[in-house]
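Fold and contact review
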Amino acid sequence: MSGAVPTVVKLGGSCLEDLAGTWWDDLAEHGADHPLVLVHGWSKPLKEFSGRYRDPSAILRDRYGNQSRWTTREVIDDIKTVSTVMADDVIARLEYRGITVERLLGSDGLVHAGPGERWWWQGKQLVELENLVGPITKVEPSELKNLRPGHVHLVTPLARNEAGQEVNTDADRAAAAIAGATGATNLVLVTDVAHLLIDGEPVDRIDAEGAAAFRDKGATGGMRKKLRAAGEALEQGVQEVVIGSAPVSELLSGRTGTVITRGQGA
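Since the structure is predicted, the reported quantities are computational estimates derived from the model, not experimental observations. (Residues numbered from 1 in each chain as written. Predicted model: local features only at pLDDT ≥ 70, side-chain atom pairs only at ≥ 80, totals over all residues. Heavy atoms only, no water.)

Considerations on the pattern of salt bridges
Taken as a whole and judged by the stated rule, the model has 18 salt bridges. Notably, a salt bridge pairs arginine 73 with aspartate 77, separated by 3.0 Å at the nearest N-O pair. Within this pair, arginine 73 and its partner aspartate 77 are both found in helix 3 (residues 73-96), separated by four residues, close to a single helical turn. Judged by its relative accessible area of 40%, arginine 73 is partly exposed. The partner of lysine 145 in a salt bridge is glutamate 143, and the shortest N-O contact between them spans 3.6 Å. (Salt bridge = Lys/Arg side-chain N within 4 Å of Asp/Glu carboxyl O. Helix = DSSP H or I, 4+ residues; strand = E, 2+ residues; numbered from the N terminus. Buried < 20%, exposed > 50% of the residue type's maximum accessible area, 1.4 Å probe, protein only.)

Set out below in structure tokens:
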């Protein structure tokens, strides 16, 4: 990795097709002046790829209540298939706007994972299953060799475990780990909602402690995972995490979205 510090942006797979041309114009304008690492999700494209990924049985719940996509070797292959289509779309949009793009699979040396949970609920029974998922243990920033303005690293957030297997990992948390490993000041989580909502009200700014309290008591689904990722990024030295649906420059300026900060004692 060069000495350049990137802006890390996680792009939700659910919102990719809904982003307007002006959103991409803004990203390219920001990227012309700052190195960018763009991490993408794939949940919605995977569900559109095959109806079996829309079946409730495709999601497992572990003994602690955490949810995970049931991932086999075939699922990894399907993730790669849909991710290639997504990557081709992103690359075309950015290269049209004068930004060069380099695609990386996280499993090709960038993202390392530890052992995954083996016990999962099926019906009312806990059963032992091989599920190719794993928590991120390390990011190797030297794999991001060309961090420079005008260039984007587009990361598909698969990982490789100690047994050498490719595994599925959470894209928000992968983006957080990459932001921490590269010394990024900001992490931007682009999603299909404009703000974090607490008691139905949009939150403009919240510290890590407040975000963690809401995560554990009130947040659900995808937002719960985003708040966990935000906390992990802040713990690794990232100064601010922004969640929202607006153009990246607007989110970074604090004009919209929800800014999560490290707090007074950080």
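A few points about the layout of surface pockets
Quantified by volume, the second largest pocket comes out at close to 200 Å³. Lining the second largest pocket are 16 residues, and of these Pro115, Gly116, Arg118, Asn161 and Gln165 sit closest to its centre. Class assignment of the residues belonging to the lining of the second largest pocket gives a composition of seven nonpolar, five polar and four charged. (1 Å grid on protein atoms, 1.4 Å probe; cavity = no way out; pocket = protein on both sides within 12 Å on 5 of 7 lines; lining within 4 Å. Points joined across faces, edges and corners; volume = space filled by probe spheres on them. Nonpolar A, V, L, I, M, F, W, Y, C, P; charged D, E, K, R; others polar.)

A few points about the environment of methionine 86
In this structure, methionine 86 sits in helix 3. Methionine 86 sits in the buried class, given a relative accessible area of 6%. Sequence-distant contacts of methionine 86, defined by excluding residues within four places in its chain, comprise Gly13, Leu16, His40, Gly41, Trp42 and Pro45. (Contact = heavy atoms within 4.5 Å.)

Considerations on helix 5 (residues 208-217)
Residues of helix 5 that are buried include every one of Ala211, Phe214 and Arg215, and no others. Looking down the long axis of helix 5, one finds its buried residues gathered within 105 degrees of arc, a one-sided arrangement. Seen from the open side of helix 5, the exposed residues pointing more than 90 degrees away from its buried face are Glu209 and Lys217. (Arc of directions from axis to C-beta.)

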